[in-house]
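Here is what each chain is made of, one letter per residue.
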Amino acid sequence: MGGIKEAELPGLGKKYQVELESGESVVVVIYDEGHRELFYFPAHESEPAFSVTLTDQEARQIGSIIGGAFYQPKMLERLEMAIAELRIEWLKVAPDAQVVGKSIGDLHLRKNLGVTVIAILEEGQKGKKKTAAINPGPGFVFAPGQTVVVAGKAGNIEQFQEMATGKGA
Amino acid sequence: MLVNLSIIFLLASLAILIAKKIKYCSIPLLILLGIFLGPNAPQFWGTNLSLIQNSESVELLSRLGVLFLLFYLGLEFSISGVVRNSKTIIKGGSIYTGLNFLRGLALGWFFFHSWPFALAVAGITTVSSSAIVTRLLVEAKRTANPETELILGIMVYEDIFMVFFLSVFSAYLTAQSSSAWLPAVAGGLITLAFLGAIFFLGQRLGICFDRLLNKQSAEALVVVAFTFLLASAVLAEAARLSETVGALLLGLILAETSQAKKLVQMFTPFRDLFGAVFFLSFGMQIDYRYFLTVVDITAWAAGLTIAGNLLAGVLSAWACGYRGAAAVNIAGAMIARGEFAIIVAGLAASAGMAGGLQPFAALYVLVLALVSPVLMKRSRALYNFFLRLRKIAVKTQEREISPGA
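Residues numbered from 1 in each chain as written. Chains lettered and ligands numbered in written order. Predicted model: local features only at pLDDT ≥ 70, side-chain atom pairs only at ≥ 80, totals over all residues. Heavy atoms only, no water.

Engineer: Give me the overall build of chain B: which residues, what numbers.
Structural biologist: The secondary structure content of chain B amounts to 17 helices and two strands. Against the globule reference of 22 Å for 405 residues, chain B gives a C-alpha radius of gyration of 22 Å, in line with a compact fold. Here the C-alpha coordinates of chain B stretch approximately 80 × 65 × 50 Å along the principal axes. Split into buried and exposed, the 405 residues of chain B put 53% on the buried side. (Helix = DSSP H or I, 4+ residues; strand = E, 2+ residues; numbered from the N terminus. Rg over C-alpha atoms; globule rule 2.2 N^0.38 Å. Buried < 20%, exposed > 50% of the residue type's maximum accessible area, 1.4 Å probe, protein only.)

So, in structure tokens, the structure goes:
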């Protein structure tokens, strides 16, 4: 995609020019009165080949169709499924939680639960800055007040959540 | 009084509905109706066609109409948009407006041999009508073309030029005596100072007004803004400037406030309502019987405007980097004249300048209103014609070279 150019049209409204990979371009003019006009310029042409005028409501509808809110192509659906399995959660370690005082290695988190700890954030005390341990080693010990960022399947995350916060999802 | 007003608005609605039907700007139609159904209407078989009179109340409404027109123009103006493209706009606008103004001045001097008239003719013929031109651009489906940005930019430049011109011209007219140039220069300087202040202190001025206008109800906002509008007109008059200058400057200032969008929405209906009265009432002041006496100057002015406009348009387009069909499009788009021509003619008439300036302005606006859509639509053909000319020239050159090679 070649990029989007924005231009002011004094007295009329605003113009957005979208250059396509094919060299053609699509121009949207949003008039101050609210209606839109859509122009199509073939490659290397300075005159539009055709144009459509849309009311505000029509423009919104077509916009949501193009944006995929009405109907999603199959390819995008499959992609979403793959990601749907994965969950990333931010959990705060409770003072009386199971995990307090134990290290990642002690709990065998990855082996037993299939959960990976991505990072652990510690609140600095008395005005100190927040520290973050990214991708912590197996020797890292959980303490109350830490925020743990974990990734895993939804069910497994729930199990870990119980251990870390004392509450189920 | 109300009967007269209701007939006036009946005619205005008629003109606007017809204009909508034939997809054209209503200004020429309003003027025409004013001419042929106003106090100077023709008589057919003993019946007078005169339906409406230019009473005091109509005059007041039309005066408000000009104020709203110019206030709106200033209000819609966005300094940020201009500053972003200031280089091209200033370059293109200066060339275009400068050439057109000089052409107008020469024309006026040639016909009247007097400075006030030369200035008036220049004022009438220099600036295009943004109302008509934008309408035509939308109609011709050219709003998305790259060169349209420059066309609209030049219109904005013309508006600013017109504030300056109106202040110089009105100051010159009010002091039209032995040394009228001095107040004219002073008037110009005052406006220039104002414009400079708005450009450089725009946001700060905006904040001052913001305190007054912010968090007000719609009712308060519209009344306060209207009061400002009247006050600005009075102040401008006190400074011996045209009240239109005051209205435009106020619009420019309020455009910098955070309420600008709301004000534009609020004042659009006022502009449409009273602006229509203004154009009708301008038509009413014209006696079409004078048209014959101004045919020659109108023909000259229209012909020279078209030729000069094409030349100035192509030159400024070229200077701003537009080539080929786009340059011809720019040149052909800005032929129409309208509101400013009429404002200048009205200003001259109120200062007691006779000599047929008003019928001239009316006829001139009408002629160009008829010609400009044709030129706009045919600019492609015009360009093709240029191309063919060039091809012929190139071919003859080749022929001259080839026997030698």
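Engineer: Could you give me a rundown of the nonpolar core, with the residues and numbers involved?
Structural biologist: In terms of nonpolar packing, the biggest core is built from 133 residues, with I31, I124, F169, L357 and F360 of chain B touching the most fellow members. For this core, the element with the most residues is helix α8 (residues 146–174) of chain B, which contributes 16 residues. The residues touching L357 of chain B, leaving out its near neighbours within four places in the chain, are F117, A120, V121, I124, A345 and A348 of chain B. Grouped together as the second largest cluster of nonpolar side chains are 19 residues, L109, V115, F160 and A164 of chain A included. (Core = buried A, V, L, I, M, F, W, Y, C linked by side-chain atoms within 4.5 Å. Contact = heavy atoms within 4.5 Å.)

Engineer: Hey, could you go over the packing of aromatic side chains for me, with residue numbers and the actual values?
Structural biologist: All names here are of chain B. Counting across every chain of the model gives 19 aromatic pairs over all chains. Between F68 and F267 the ring centres are 5.8 Å apart and the planes differ by 35°, which places this aromatic pair in the tilted class. Of this pair, F68 sits in helix α3 (residues 56–76) while F267 is found in helix α12 (residues 260–284), placing the two residues 199 residues apart along the sequence. In terms of burial, F68 and F267 fall into one category: buried. Ring centres of F110 and F111 lie 5.6 Å apart, and the angle between their planes is 85°; on these two criteria the pair is classed as edge-to-face. Aromatic rings pair up to connect F68, F71, F226, F267, F270 and F274 into one cluster. A cation over a ring is seen here: R271 above Y72, with NZ or CZ 4.1 Å from the ring centre. (Phe/Tyr/Trp six-rings, centres within 6.5 Å; stacked < 30°, edge-to-face > 60°. Lys NZ or Arg CZ within 6 Å of the ring centre and 35° of its normal.)

Engineer: I'd like a description of the packing of helix α13 (residues 291–319) of chain B against helix α16 (residues 357–377) of chain B, backed by residues and values.
Structural biologist: Working note: a packed helix pair is described by the angle between its axes plus the distance between those axes. Residue and element names in this part refer to chain B. In the contact formed by α13 and α16, the axes pass within 9 Å of each other and the chain directions differ by 40°. When the axis of α13 is compared with that of α16, the two are oblique. For the pair α13 and α16, the crossing hand works out as right-handed. Mapping the contact onto sequence places F291, V294, V295, I297, T298, A301, A302, T305 and I306 in α13 and P359, F360, L363, Y364, V367, L368, V371 and L375 in α16. Here the contact of α13 with α16 is composed, by residue class, of 15 nonpolar, two polar and no charged. (Axes fitted to C-alpha atoms, helices over the stretch in contact; angles between N-to-C directions. Parallel < 35°, antiparallel > 145°, perpendicular 65-115°, else oblique. Left-handed = near helix turned anticlockwise from the far one by under 90°. Nonpolar A, V, L, I, M, F, W, Y, C, P; charged D, E, K, R; others polar.)

Engineer: Outline the interface of chain B and chain A, listing residues and values.
Structural biologist: Every contact between the two is made by 17 residues of chain B and, on the other side, 20 residues of chain A. Between chain B and chain A, roughly 1,600 Å² of surface is buried when both sides are summed, and carbon and sulfur atoms account for 53% of that area. When the buried surface of chain B facing chain A is broken down by residue, K141, T143 and A144 of chain B rank first, second and third, together holding 32% of it. Linking chain B with chain A are two salt bridges, by the criterion used here. A salt bridge links K141 of chain B to E37 of chain A; the nearest nitrogen and oxygen atoms lie 3.0 Å apart. Across the contact surface, chain B and chain A share seven residue pairs in polar contact (both at pLDDT 80 or more). Sorting the residues of the side of chain B that touches chain A by element identifies α4 (79–84), α7 (130–139) and α8 of chain B as the ones contributing at least two each. With four residues, the single largest contributor to the side of chain B that touches chain A is α8 of chain B. Considered class by class, the residues forming the side of chain B that touches chain A number five nonpolar, six polar and six charged. (Buried area = accessible area lost by both parts, 1.4 Å probe. Salt bridge = Lys/Arg side-chain N within 4 Å of Asp/Glu carboxyl O. Polar contact = N/O pair within 3.5 Å; in protein donor to acceptor, adjacent residues only side chain to side chain.)

Engineer: Explain the packing of helix α6 (residues 115–126) of chain B against helix α15 (residues 339–350) of chain B residue by residue, including any values.
Structural biologist: Residues and elements named next belong to chain B. Relative to each other, α6 and α15 sit at 160°, their axes nearing to 7 Å. Classified by the angle between their axes, α6 and α15 sit roughly antiparallel to one another. The two elements α6 and α15 meet at a crossing, and its hand is left-handed. Contacts between α6 and α15 involve A120, G123 and I124 from the first element and A341, V344 and A345 from the second. Residues belonging to the contact of α6 with α15 are distributed by class as follows: five nonpolar, one polar and no charged.

Engineer: I'd like to hear about helix α11 (residues 243–254) of chain B, residue by residue, with values.
Structural biologist: All names here are of chain B. Across its twelve residues, α11 extends 17 Å between first and last C-alpha, which sits within 8% of the 16 Å expected from 1.5 Å per residue. Taking burial as the measure, the twelve residues of α11 include twelve buried ones, the bulk of the element. Taken as a whole, α11 has its buried residues at E243, T244, V245, G246, A247, L248, L249, L250, G251, L252, I253 and L254. (Expected span 1.5 Å × (residues − 1).)

Engineer: Tell me about the domain arrangement of chain A, and name the residues and values.
Structural biologist: The domains assigned to chain A are domain 1 (3–71) and domain 2 (83–165). For domain 1 of chain A and domain 2 of chain A, the distance between their C-alpha centroids amounts to 48 Å. (Domains from an automatic or database assignment.)

Engineer: A description of the pairing of strand β2 (residues 13–19) of chain A should follow, citing residues and the corresponding values.
Structural biologist: All names here are of chain A. Judged from the seven bridges that link them, strand β1 (residues 3–9) and β2 form a sheet pairing that is antiparallel. Bridge assignment links I4 to a residue of β2, and that residue is V18. Here β1 folds back onto β2 in antiparallel fashion, the turn holding three residues, of which G11 has a positive phi close to 90°. Pairing analysis gives seven bridges linking β2 to strand β3 (residues 25–31), with the strands arranged antiparallel. Across the sheet, residue K14 finds its bridge partner in β3, namely I30. In sequence, β2 turns back onto β3 through a hairpin of five residues, with G23 there showing a positive phi of about 95°. (Pairing = 2+ DSSP bridges.)

Engineer: Break down the sheet that holds β1 of chain A for me, citing the residues and quoting the values.
Structural biologist: Strand pairing in a sheet relies on backbone hydrogen bonds, with the paired strands running either antiparallel or parallel. Residues and elements named next belong to chain A. Read across the open sheet, the five strands follow the order β1-β2-β3-β4-β5; overall the sheet is antiparallel. If you trace the sheet from one side to the other, it starts and ends with β1 and β5 (50–54), each paired once. Each neighbouring strand pair of the sheet contributes to a mean axis angle of 15°, computed without reference to strand direction. Pairing between strand β4 (residues 36–41) and β5: five bridges, direction antiparallel. Bridging from a neighbouring strand, E37 pairs with T53 of β5.

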